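Coordinates in review
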Amino acid sequence: MMKAQIERYVALHRSFGRKFDVQERFLHLFFNYAHRFGDQHVTLERLYNWCRSASSQNVARDRFDHLRRFCLYAHAEDREHQVPPAGVFGRGKRRRPTPHIIEPEQLRAIMQAALDLPPKGKISPHTYHYLFGLLATTGLRISEALALQRVDVVDDGLVIRNGKFGKQRLLPIRPSTRAALDTYLDIRRRLNAQGDDLFVTTRGCAPHQIVAHIVFVRLARKLGFRGPTGTPGIRVHDLRHTFAVRSLESCPRDREAIRHHMAALSTYLGHTDVANTYWYLEATPVLLRDIAAAGEQLFRGDSA
């Protein structure tokens, strides 16, 4: 009964164009947990115990929030499902991790170190080398890059089929980026690497997103760009952040030009709302100094 409701709930959200993978995973994990006790409905005691078993407060809150939304849906169909009050495991969204700007020499060192990864003489080291390079030069999300197929490399750029909310877009790329991808494809052919995915490991398919994150962090830590385990530092997503920030820094200091540049950058990055693009202005000293100087100039002009 509960499993069927979960499947209908997931199908409903996916019909709206949402991926819903994370939510589905949490719901099935809870179902497996409750099923061991013979539960047919969600009970508050079981829900709270499952959330308390999480590895951190943030994970507990994520579990609770996803499950509570399902409870509201399930309760509307069957009153036997209990609905917990909101905010039991905390309120509010998790804060975004502090962004870091990756310097060119750091990127080159990470890409070079990727070529030394095992297994030697196989495709995987080249895959991570060119994957990190593509992320840095295009600002792609890691999920979008790993979802690329070989046929998505076209004359006009890259066909992005796995954007947020299932949106597709054509991403123009620089000639140097295209040349690098052609080199990678030549290496694939030479090493007889199979698979339809653009970036593949020795298994013939794209690496899992979590594995790509782990590889990047380990290389950054080995090179001294991150502290020991448990401390924050540069992440693979910072390649996207760095791309956006450098793009904004290069924009002419003209209000109309900035407005057009923001709109174009938002489309290029695949943002559904330009407000998400404006977030990249934060924690960027160069841009914030310019904003502060412009604000001060405006204030003095108004005061005069």
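An account of the accompanying structure is given in this report. All values reported here derive from a predicted model rather than from experimental measurement. (Residues numbered from 1 in each chain as written. Predicted model: local features only at pLDDT ≥ 70, side-chain atom pairs only at ≥ 80, totals over all residues. Heavy atoms only, no water.)

Moving on to the overall build of the chain. Summing up its helical and strand segments, the chain has 13 helices and three strands in all. Going through the 304 residues of the chain one by one, you find that 42% of them count as buried. In the chain, 57% of the contacts between residues at least 6 apart in sequence involve partners at least 24 apart. (Helix = DSSP H or I, 4+ residues; strand = E, 2+ residues; numbered from the N terminus. Buried < 20%, exposed > 50% of the residue type's maximum accessible area, 1.4 Å probe, protein only. Contact = heavy atoms within 4.5 Å.)

Relative orientation of the contacting elements helix 5 (residues 104-114) and helix 6 (residues 123-138) amounts to 160 degrees, with a least axis distance of 7 Å. Taken together, helix 5 and helix 6 sit at an angle that is classed as roughly antiparallel. Here L107, I110, M111, Q112 and A114 of helix 5 lie close against helix 6, whose contacting residues are P125, Y128, H129, F132, G133 and A136. Tallied by class, residues from the contact of helix 5 with helix 6 come to eight nonpolar, three polar and no charged. (Axes fitted to C-alpha atoms, helices over the stretch in contact; angles between N-to-C directions. Parallel < 35°, antiparallel > 145°, perpendicular 65-115°, else oblique. Nonpolar A, V, L, I, M, F, W, Y, C, P; charged D, E, K, R; others polar.)

The biggest cluster of nonpolar side chains holds 41 residues, and the ones touching the most others in it are L131, F132, L135, L140, L158 and L239. Those elements that place two or more of their residues in this core are helix 5, helix 6, helix 7 (142-146), strand 2 (157-160), helix 8 (175-190) and helix 9 (209-222). Excluding anything up to four places from it in sequence, L135 contacts L140, R141, I142, A145, V236 and L239. (Core = buried A, V, L, I, M, F, W, Y, C linked by side-chain atoms within 4.5 Å.)

Take the side chain of D238 next. Position of D238 relative to the elements: it lies in helix 10 (residues 238-249). Among the polar contacts listed, one links the side chain of D238 to the backbone nitrogen of H100, at a separation of 3.1 Å. In this structure, D238 is in contact with P99, H100, I102 and G233, ignoring residues within four places of it in sequence. (Polar contact = N/O pair within 3.5 Å; in protein donor to acceptor, adjacent residues only side chain to side chain.)

Here we take up the packing of aromatic side chains. Under the criterion given, the structure shown has 12 aromatic pairs. Plain terms: the ring middles of F64 and F89 are 5.5 Å apart, the flat faces sit at 45 degrees to each other, and that makes the pair tilted. Of this pair, F64 sits in helix 4 (residues 57-77) while F89 sits in the loop between helix 4 and helix 5, and the two are 25 residues apart along the sequence. Each member of the pair F64 and F89 is classed as buried. Look at Y184 and F199: their rings are 5.3 Å apart centre to centre, the planes differ by 35 degrees, and that puts the pair in the tilted class. Residue Y184 is located in helix 8, and its partner F199 is located in the loop between helix 8 and helix 9; the two are separated by 15 residues in the primary sequence. For the pair Y184 and F199, one class covers both residues: buried. An aromatic cluster is defined as three or more aromatic residues linked by ring pairs; in this entry it consists of Y9, F20, F70 and Y73. (Phe/Tyr/Trp six-rings, centres within 6.5 Å; stacked < 30°, edge-to-face > 60°.)

Working definition: the strands of a sheet are paired by backbone hydrogen bonds and lie parallel or antiparallel to each other. Across the sheet, which stays open at both edges, the three strands sit in the order 1-2-3 with antiparallel pairing between neighbours. Strands with a single pairing partner mark the edges of an open sheet, and in this sheet they are strand 1 (153-154) and strand 3 (169-171). Bridging between strand 2 and strand 3 involves three bridges; their strand directions are antiparallel. Bridging from a neighbouring strand, L158 pairs with L171 of strand 3. (Pairing = 2+ DSSP bridges.)

Counting across every chain of the model gives 13 salt bridges. Among the salt bridges present, the one from R189 reaches D186, with a minimum N-O distance of 2.3 Å. Placement of the pair is R189 and D186 together in helix 8, with a separation of three residues, close to one helical turn. Judged by relative accessible area, R189 falls into the exposed class, the value being 59%. Residues joined in a network through salt bridges with shared partners are R14, D21 and E24. (Salt bridge = Lys/Arg side-chain N within 4 Å of Asp/Glu carboxyl O.)

Turning our attention to the environment of P104. As for its placement among the helices and strands, P104 is situated in helix 5. P104 sits in the partly exposed class, given a relative accessible area of 43%. Between the C-alpha atom of P104 and that of A136, which follows or precedes it by 32 residues, the distance is 9.5 Å.

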